[in-house]
Amino acid sequence: MNFWDRVNNLLDEKGITKKELAEKVKIDPSTISKGSKENRMPAADKAVFIAQFLGTTVEYLVTGKNSVRQEINDLYKHATIIKKLDNIPQEIRPSIELMISDLSDKYSSNK
């Protein structure tokens with residue numbers, strides 16, 4: 001798996017189009033297509049913008065591995081979400097748990 005494969009996977013997971021990515025990081029949409037086909041990395045500054053937009057690191061996009069720092073950031077984000085879920089009234093929690101379970105099943109079966 002290469003840089004653009006990882007970008008495409010993250011785009012799919014987040015429901016973001018290549019066109020939206022291109023607009024947000026100010027690159028030509030053909031750069032994504034050409035990069036994928038020719039296995040060419042974008043310029044370093046564009047790689048940084050792409051990683052930031054996708055909520056990951058350049059290291060992950062290049063190597064497929066998360067740094068310890070990224071893993072800590074991910075854990076912090078998860079802990080923040082869990083704290084917010086604790087504030088949800090007890091009577092609507094089963095509906096939210098079912099929704100999370102359905103989403104989890106959907107995305108785990110796509111991998």
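These lines cover the structure that appears in this document, whether it is placed above or below. Computed from a prediction, not measured in an experiment: that's the story for all the values here.

## Notes on the packing of helix 1 (residues 3–14) against helix 4 (residues 44–54)
Link 1 in the chain: Here helix 1 crosses helix 4 at 25 degrees, and the two axes come no closer than 11 Å. It follows that helix 1 is roughly parallel to helix 4 by the angle criterion. With respect to the hand of their crossing, helix 1 and helix 4 are arranged in left-handed fashion. Residue-level inspection shows Phe3, Trp4, Val7, Leu10, Leu11 and Lys14 of helix 1 in contact with helix 4, the latter providing Ala47, Ile50 and Leu54.
Link 2 in the chain: In the contact of helix 1 with helix 4, the residues fall into eight nonpolar, no polar and one charged.

## A look at a nonpolar patch on the surface
Link 1 in the chain: On the surface, a cluster of nonpolar side chains totalling about 340 Å² of accessible area is made up of Ile81, Ile82, Leu85 and Ile100.
Link 2 in the chain: The element best represented in the nonpolar patch is helix 6 (residues 68–86), accounting for three residues.
Link 3 in the chain: Within the secondary structure, Leu85 is located in helix 6.

## Focus on the pattern of salt bridges
Link 1 in the chain: If you walk through the whole model with that rule in mind, you get one salt bridge.
Link 2 in the chain: A salt bridge links Glu38 to Arg40; the shortest N-O distance between them is 2.8 Å.
Link 3 in the chain: By relative accessible area, which is 45% here, Glu38 ends up partly exposed.

## As for the nonpolar core
Link 1 in the chain: Core analysis: the biggest nonpolar cluster contains 16 residues, and Phe3, Val7, Leu21, Ile50, Leu54 and Leu61 have the highest contact counts within it.
Link 2 in the chain: Secondary structure elements with two or more residues in this core: helix 1, helix 2 (18–25) and helix 4.
Link 3 in the chain: With residues near it in sequence (within four places) discarded, Phe3 still touches Met41, Pro42, Ala47, Ile50, Leu61 and Val62.

## A few points about the packing of aromatic side chains
Link 1 in the chain: Enumeration over the complete set of coordinates arrives at one aromatic pair.
Link 2 in the chain: Plain terms: the ring middles of Phe3 and Trp4 are 5.0 Å apart, the flat faces sit at 80 degrees to each other, and that makes the pair edge-to-face.
Link 3 in the chain: Residue classification places Trp4 among the buried positions, given a relative accessible area of 1%.

What counts, and at which threshold
Residues numbered from 1 in each chain as written. Predicted model: local features only at pLDDT ≥ 70, side-chain atom pairs only at ≥ 80, totals over all residues. Heavy atoms only, no water. Axes fitted to C-alpha atoms, helices over the stretch in contact; angles between N-to-C directions. Helix = DSSP H or I, 4+ residues; strand = E, 2+ residues; numbered from the N terminus. Parallel < 35°, antiparallel > 145°, perpendicular 65-115°, else oblique. Left-handed = near helix turned anticlockwise from the far one by under 90°. Contact = heavy atoms within 4.5 Å. Nonpolar A, V, L, I, M, F, W, Y, C, P; charged D, E, K, R; others polar. Patch = residues over 30% accessible without salt bridge, like charges linked within 9 Å, V, L, I, M, F, W, Y side chains within 5 Å. Areas by Shrake-Rupley, 256 points an atom, 1.4 Å probe, with all protein chains shown as cover. Salt bridge = Lys/Arg side-chain N within 4 Å of Asp/Glu carboxyl O. Buried < 20%, exposed > 50% of the residue type's maximum accessible area, 1.4 Å probe, protein only. Core = buried A, V, L, I, M, F, W, Y, C linked by side-chain atoms within 4.5 Å. Phe/Tyr/Trp six-rings, centres within 6.5 Å; stacked < 30°, edge-to-face > 60°.

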